[in-house]
Amino acid sequence: MPATKPPGESVPSYLLVERYDRVGAGKDVRRLHQEDFCQALGRPPAAKYEFNGTGIRGPSIADMFALVRQHMTARDITRLLDAVIFNVAIGTSTPTPRITPSCSDGALRSSRHSRT
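If you're wondering where the values come from, they're calculated on a predicted model, not measured in any experiment.

Caption draft 1: Fine view of the overall build of the protein. When its secondary structure is counted, the protein shows three helices and four strands. Helices (α) and strands (β) of the protein occur, in sequence order from the N terminus, as β-β-α-α-α-β-β. Across the 116 residues of the protein, 28% fall into the buried class. Taking contacts inside the protein between residues at least 6 apart in sequence as the whole, the part at least 24 apart equals 39%.

Caption draft 2: Quick peek at the nonpolar core. Judged by nonpolar contacts, Phe37, Met64, Phe65, Leu67, Val68, Met72, Leu80 and Val84 together constitute the single largest core of eight residues. Of all the secondary structure elements, the ones that give two or more residues to this core are helix 2 (61-71) and helix 3 (74-89).

Caption draft 3: Looking closely at the packing of helix 2 against helix 3. The contact between helix 2 and helix 3 brings their axes to 9 Å, and the two run at 155°. In this view, helix 2 runs roughly antiparallel relative to helix 3, as classed from their interaxial angle. In the crossing of helix 2 with helix 3, the sense of the turn from one axis to the other is right-handed. Between helix 2 and helix 3, the contacting residues are Ile61, Met64, Phe65, Val68 and Arg69 on the first element and Asp76, Ile77, Leu80, Leu81 and Val84 on the second. The residue inventory of the contact of helix 2 with helix 3, partitioned by class, reads eight nonpolar, no polar and two charged.

Caption draft 4: Fine view of the side chain of aspartate 21. Assignment of secondary structure puts aspartate 21 in the segment before strand 1 (22-23). Separated by 3.0 Å, the side chains of aspartate 21 and arginine 22 make a polar contact. Beyond its immediate stretch of four places on either side in the chain, aspartate 21 contacts Arg30, Arg31, Leu32 and Gln34.

Caption draft 5: How the structure looks around the pattern of salt bridges. Summed over the entire model, instances satisfying the criterion amount to seven salt bridges. For arginine 79, the salt bridge is made with aspartate 76, and the minimal N-O distance between the two is 3.6 Å. You can see arginine 79 and its partner aspartate 76 sitting in helix 3, three residues apart, about one turn around the helix. Take arginine 79: its relative accessible area is 23%, and that puts it in the partly exposed class. The network of salt bridges with common partners includes Arg43, Glu50, Arg57 and Asp63.

Cut-off values and rules
- Residues numbered from 1 in each chain as written.
- Predicted model: local features only at pLDDT ≥ 70, side-chain atom pairs only at ≥ 80, totals over all residues.
- Heavy atoms only, no water.
- Helix = DSSP H or I, 4+ residues; strand = E, 2+ residues; numbered from the N terminus.
- Buried < 20%, exposed > 50% of the residue type's maximum accessible area, 1.4 Å probe, protein only.
- Contact = heavy atoms within 4.5 Å.
- Core = buried A, V, L, I, M, F, W, Y, C linked by side-chain atoms within 4.5 Å.
- Axes fitted to C-alpha atoms, helices over the stretch in contact; angles between N-to-C directions.
- Parallel < 35°, antiparallel > 145°, perpendicular 65-115°, else oblique.
- Left-handed = near helix turned anticlockwise from the far one by under 90°.
- Nonpolar A, V, L, I, M, F, W, Y, C, P; charged D, E, K, R; others polar.
- Polar contact = N/O pair within 3.5 Å; in protein donor to acceptor, adjacent residues only side chain to side chain.
- Salt bridge = Lys/Arg side-chain N within 4 Å of Asp/Glu carboxyl O.

Nothing here speaks to function; it is geometry throughout.
Rendered as structure tokens:
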């Protein structure tokens with residue numbers, strides 16, 4: 001039966017997203033290891049954002065692309081660029097530090113995740 005609503009009332013909208021950081025099903029679900037760019041660049045947690053008021057500069061977009069170029073493929077560089085463009089387009093004020101490269105089995109891989 002289709003959802004109905006009273007006249008003049010709006011139906012709440014939402015976006016349902018499948019978790020990118022879990023694999024498996026049922027009782028066999030496990031969390032994938034991931035690091036944000038602050039961790040991957042060896043910066044302290046207080047330096048998560050480029051301009052953070054601590055006196056320790058956080059990762060810049062240039063730092064992030066340098067890391068991706070060093071450890072990832074051209075496809076991963078394009079994914080990072082896509083994520084940066086998307087975050088700028090939606091007006092996220094601090095987009096890039098939360099784009100998380102995922103590490104598993106010793107290989108650095110990019111996720112398609114970006115949080116606001």
